[in-house]
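# Remarks on the overall topology
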Amino acid sequence: MRNLILRMICRQLLLLSAFIYFPLALSLTANGAGPVGYSGLLINVGARESKNLSGEWRYIIDPYKTALLKSKSEPKAVFLDRVNVSPHKMMEYSFDNSPYMSVPGDWNGQVDEMALYEGLVWFRKEVQLSKVDDERYLLHIGAANYKSFVYVNGKKVGEHEGGFTPFAFDVTDNLKVGRNSVVIGVDSEHEDDSVPTPVTDWKNFGGITRDVHLVEVPNTYISTYFIQLESSDVIKANVSLSGDRINRREVTVRIPELGVMVSGNTDADGKITVEVKTPEDMKFWAPRSPILYEVIISTADETVSDRIGFRTIESVDGELLLNGEPIFLRGISIHEEALGATPNRAINKSSARALLSIAKKDLKANFVRLAHYPHSDITTRVADELGLLVWSEIPVYWDMDFGNKKTLALARKMQSDNIIRDKNRASIILWSVANETKRNKKGAALEERTSFLRTLITDIREVDNTRLITSALHKAKPKNKDGRRVYVIDDSLARYIDVVSVNTYQGWYSDMKLEDVAKIKWELPKDKPFLFSEFGAGALYGYRDDNLAKFSEDYQAEYYKANIEMCRNIDGLDGLSPWILKDFKSPRRMHGQFQQYWNRKGIISPEGNFKAAFGVLRGWYNELAGT
Ligand code: GCB
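Quantities reported herein were computed from a predicted structural model and do not represent experimental measurements.

### Focus on the overall build of the protein chain
- From N to C terminus, the protein chain includes nine helices and 37 strands.
- Its C-alpha atoms give the protein chain a radius of gyration of 25 Å, within 12% of the compact-globule value 25 Å for 627 residues.
- For the protein chain, the spread of C-alpha atoms along the three principal axes comes to 80 × 60 × 45 Å.
- Put simply, the protein chain has 627 residues, and 60% of those count as buried.
- Considering only contacts within the protein chain whose residues lie at least 6 apart along the sequence, 73% involve residues at least 24 apart.
- As displayed, the protein chain offers around 25000 Å² of accessible surface, 50% of which is attributable to carbon and sulfur atoms.

### Things to note about the domain arrangement of the protein chain
- One can read the domain layout of the protein chain as domain 1 (35–217), domain 2 (220–309) and domain 3 (315–625).
- For domain 2 and domain 3, the distance between their C-alpha centres works out to 32 Å.
- Roughly 1600 Å² of surface becomes buried between domain 2 and domain 3 when both sides are summed, with 53% attributable to carbon and sulfur atoms.
- Considering only the side of domain 2, the residues that lose the most area to domain 3 are Phe-226, Trp-285 and Pro-287, jointly responsible for 41% of the buried surface there.
- At the junction of domain 2 with domain 3, the criterion picks out two salt bridges.
- For Arg-425, the salt bridge is made with Asp-306, and the minimal N-O distance between the two is 3.2 Å.
- Elements represented by at least two residues in the side of domain 2 that touches domain 3 include exactly strand E15 (220–231) and strand E21 (303–308).
- Looking at the side of domain 2 that touches domain 3, the element that brings in the most residues is E15, giving seven residues.

Reading the values: the criteria
- Residues numbered from 1 in each chain as written.
- Predicted model: local features only at pLDDT ≥ 70, side-chain atom pairs only at ≥ 80, totals over all residues.
- Heavy atoms only, no water.
- Helix = DSSP H or I, 4+ residues; strand = E, 2+ residues; numbered from the N terminus.
- Rg over C-alpha atoms; globule rule 2.2 N^0.38 Å.
- Buried < 20%, exposed > 50% of the residue type's maximum accessible area, 1.4 Å probe, protein only.
- Contact = heavy atoms within 4.5 Å.
- Areas by Shrake-Rupley, 256 points an atom, 1.4 Å probe, with all protein chains shown as cover.
- Domains from an automatic or database assignment.
- Buried area = accessible area lost by both parts, 1.4 Å probe.
- Salt bridge = Lys/Arg side-chain N within 4 Å of Asp/Glu carboxyl O.

Written out as structure tokens, the structure reads:
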């Protein structure tokens, strides 16, 4: 009985923490071991016993959000799943007579009439269970863009805001033997206080864009863990348990190939930290040798295994060091969009591998900027396997409601959930807190922005000392220094980040001649690594012009030559991630001939054809790689 009451209390707490944006619930424990209120409830879903609910889901488009209107005390949405209703009953919804679409997937690419739809859509999946074990069931959604309303068998189990991070609900008490219905309402609309706001330069793909799993775990389960090098000499493992009995439980961490085995007992919060000296024969993870070890975490109730690489990344006297050696980041930026004429936001292992292999194998990159939001963990795992260093970011993008507490809480939550989901990925070396936030606004607006971003920076420092922090800043204004024209980074945020990164588009948005672009001088921060996080120019694949008209492949190729020349002249440049690998969908790119709602700055076409600029960048990267 006591157990049952405890279980009910725990469940209520889990539910509450899953969808209340209370700043305290956002802070992680001091040792970084585990989240309080991690929306995903557990990491590494792929290693758990689960039913993958991917496939065909019924859907109903609800443009007026009618099902969210309250009817008496219940939202109308509970009616959405009525079955066997008498024909005499007045029903204005019927899933049983509605069409299907694929989950994961975005609706824009699947249903012609929804290509530009922004709003609410209801999805239903029927799940047959032959038995309901005496364990816990968590309904885990990898991502749904942007707000979600989740019902199981007509009962609301929770809500979530944010389009790119996982969330889960404990649905143990909602399931039954036989037919179960899972209904998820997804509203893709953003408001001015959302993260991001409605104005971005990418398509707002709506839908359940990542896998949905019904995960079965023991009553006390391994929720999160963080196993990385504390320094080159020490492997540190933090493990967190959730559930009924988390105090004084034995947890063991093994890396069989290295003969590592450590164990200990959890504290009252269900956490444990163990350390072990780095074994002499351990090989460090690096782009040239992306070695991953099998790591097994176990308790008396459960075993979870992962494949983890070990590396260090540091900034020493302004230099970037990977495993103690200087590294130059030969990068490229990427949006989460699969190759193809009608790209889908939903990425699977083969589409992630296809994109990242072009970067790694064809372009000879060793680094990708995964812009402008957390990409799928499928992608970050493929990066681990292929040996690509990763920049990971949250959609704090352009102008935001920086003075708004709700917006800050939301950004903190997204960042925390992204870090918790991915902190075991060796490939990720940089967490970025923002992209091109206004630095020009005088006074309060700028202070609000900086204080907002400093909170995000402080949050990261509390939980992860195995990576560096960056932000893509606006390029600085040119200044006259000692009679010379130089670009100086004057964004006050530069002081608080570890790696200073700048986006620059001289020669594309400006009329600057390409020969002048090549000569631009930069005054860099002396004590921090410096990257170009973006530069780029648009080109329609196949459009050639010897006179170098804008949008021709030839102009883009010359633009790359000029920017590479500029990079070569910068002493102290630590890397770059030009904008961007593949053309991507963007409603703000309206040129009828060249853009047609695509941002054409890709160095490959939507289908994966290499533009001339690809060859230019590849040439330089081959040279830098010594291949
Ligand atoms: C930027 C933004 C990126 C845009 C790009 C462009 O500075 O960070 O999201 O897509 O410029 O194409 O203008």
